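# Structure at a glance
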Amino acid sequence: MAGSLIFYSDGALKNLEKRVKLFQDGFEDLLNDTFSEEEQVKFENLIEGIAAISIQPMISELSFEDFYVPEVTAEPMATFFQTCQSSIVVENLPFLNDNPFQVSYLLELLNLFPEVLVDRGGVNELLFRKDYEQELRKYKNMDSLATQEYVPKVEVKSKKQFDPIEYLIRDVYGELTRLRVSGKLPEVEDYMALQADKMSRVFGAFRSDVTDPSDLLKLTGLNPKDFDDNLERLKFYLRKLSP
């Protein structure tokens, strides 16, 4: 086994549990959409070898000084670490060279979060999400096993496929995280507080740390079209400000 991983997130514990449950259901659908029953039997050992994950609160005794940190990213990492409220522990991780399903599992899991810190244990340096994703993409993922012989080239949509609005919400939280890490978020909050437009109402809803589209819509008090339009406006506005 290759050991374990810990992802540190700024999301609240209950919110993280909901996201991970959604991810686990979605990954099962992805397997069923990509591989036939016959293929899943063939790759049964690899699929069953995917590491278990658990959701945990941050350990109060844990300090940023406990990690090995790249000098170039030490300051933003320290800032983000102070916001972390919860963690995902990946236990008994198989060697990534040997299990393409595990590689895909981790890549899909990371897609749920705007930002995380990745602790690979031992003397390995702490990584931001995008840097760990680059590491993962050096390995073969499960798409490499889905050959034309077994899987026809037909687009099959998952019954639990993400709605585009969910991607927009994830992107907005990603921009907010980057602004928080860079120290620019307070000036954005001050600016939005002076506005009285629909985009500022959408921005205000994000302060509740809600991720469900229906719940966010209710918080804004807007109709669905205005919510969708101004959510996209907010995304691009924040992106222009992000470093």
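As the structure is a prediction and not an experimental result, all values here were calculated from the model. For every chain, the first residue of its written sequence is number 1, and the numbers climb from 1 along that sequence. With the structure being a predicted model, the display of local features is reserved for residues of pLDDT at least 70 and the display and counting of side-chain atom pairs for 80 or more, all residues being used for whole-chain, interface and lining totals. Where side-chain values are given, they derive from all heavy atoms of the structure, hydrogens and water being excluded.

For the rest of this paragraph, the subject is the packing of aromatic side chains. For this analysis, a ring pair means two rings from Phe, Tyr or Trp (six-membered ring only for Trp) whose centres lie within 6.5 Å, classed as stacked if their planes differ by under 30 degrees, edge-to-face if by over 60, and tilted for the remaining angles. This structure, assessed with the given rule, holds 15 aromatic pairs. An aromatic cluster of at least three residues, connected via ring pairs, comprises Tyr8, Phe64, Phe67 and Phe81.

Moving on, we come to the confidence of the model for the protein chain. The predictor rates its confidence in each residue with pLDDT, a number between 0 and 100. The pLDDT averaged across the protein chain works out to 85; a share of 91% of its residues lies at or above 70. When the elements of the protein chain are averaged for pLDDT, helix H7 (residues 164–182) gives the smallest value, 78, and helix H4 (residues 74–81) the largest, 96. Contacts are assigned to residue pairs with any non-hydrogen atoms lying within 4.5 Å of each other. Considering only residues more than four positions removed or in separate chains, one finds that residues 148–162, a stretch of pLDDT under 50, has 15 contacts. In DSSP terms, a helix is any run of H or I states spanning at least four residues, a strand is any run of E spanning at least two, and both are numbered starting from the N terminus.

One speaks of a salt bridge when a side-chain nitrogen belonging to Lys or Arg is within 4 Å of a carboxyl oxygen belonging to Asp or Glu. All chains considered together, the criterion is met by seven salt bridges. As a salt-bridge pair, Asp226 and Lys198 come within 2.7 Å of each other at their nearest N and O atoms. In this pair, Asp226 sits in helix H11 (residues 224–241) while Lys198 sits in helix H9 (residues 198–206), placing the two residues 28 residues apart along the sequence. The buried label goes to any residue with under 20% of its type's maximum accessible area, the exposed label to any with over 50%, and the partly exposed label to all in between, with areas taken from a 1.4 Å probe on protein chains only. Residue Asp226 is classed as buried on the basis of its relative accessible area, which comes to 17%. Owing to a relative accessible area of 36%, Lys198 belongs among the partly exposed residues under this scheme. Here Asp229 makes a salt bridge to Lys225, at a shortest N to O gap of 2.8 Å. Of this pair, Asp229 and Lys225 both sit in helix H11, four residues apart, which is roughly one turn of that helix. Residue classification places Lys225 among the exposed residues on the basis of a relative accessible area of 58%.

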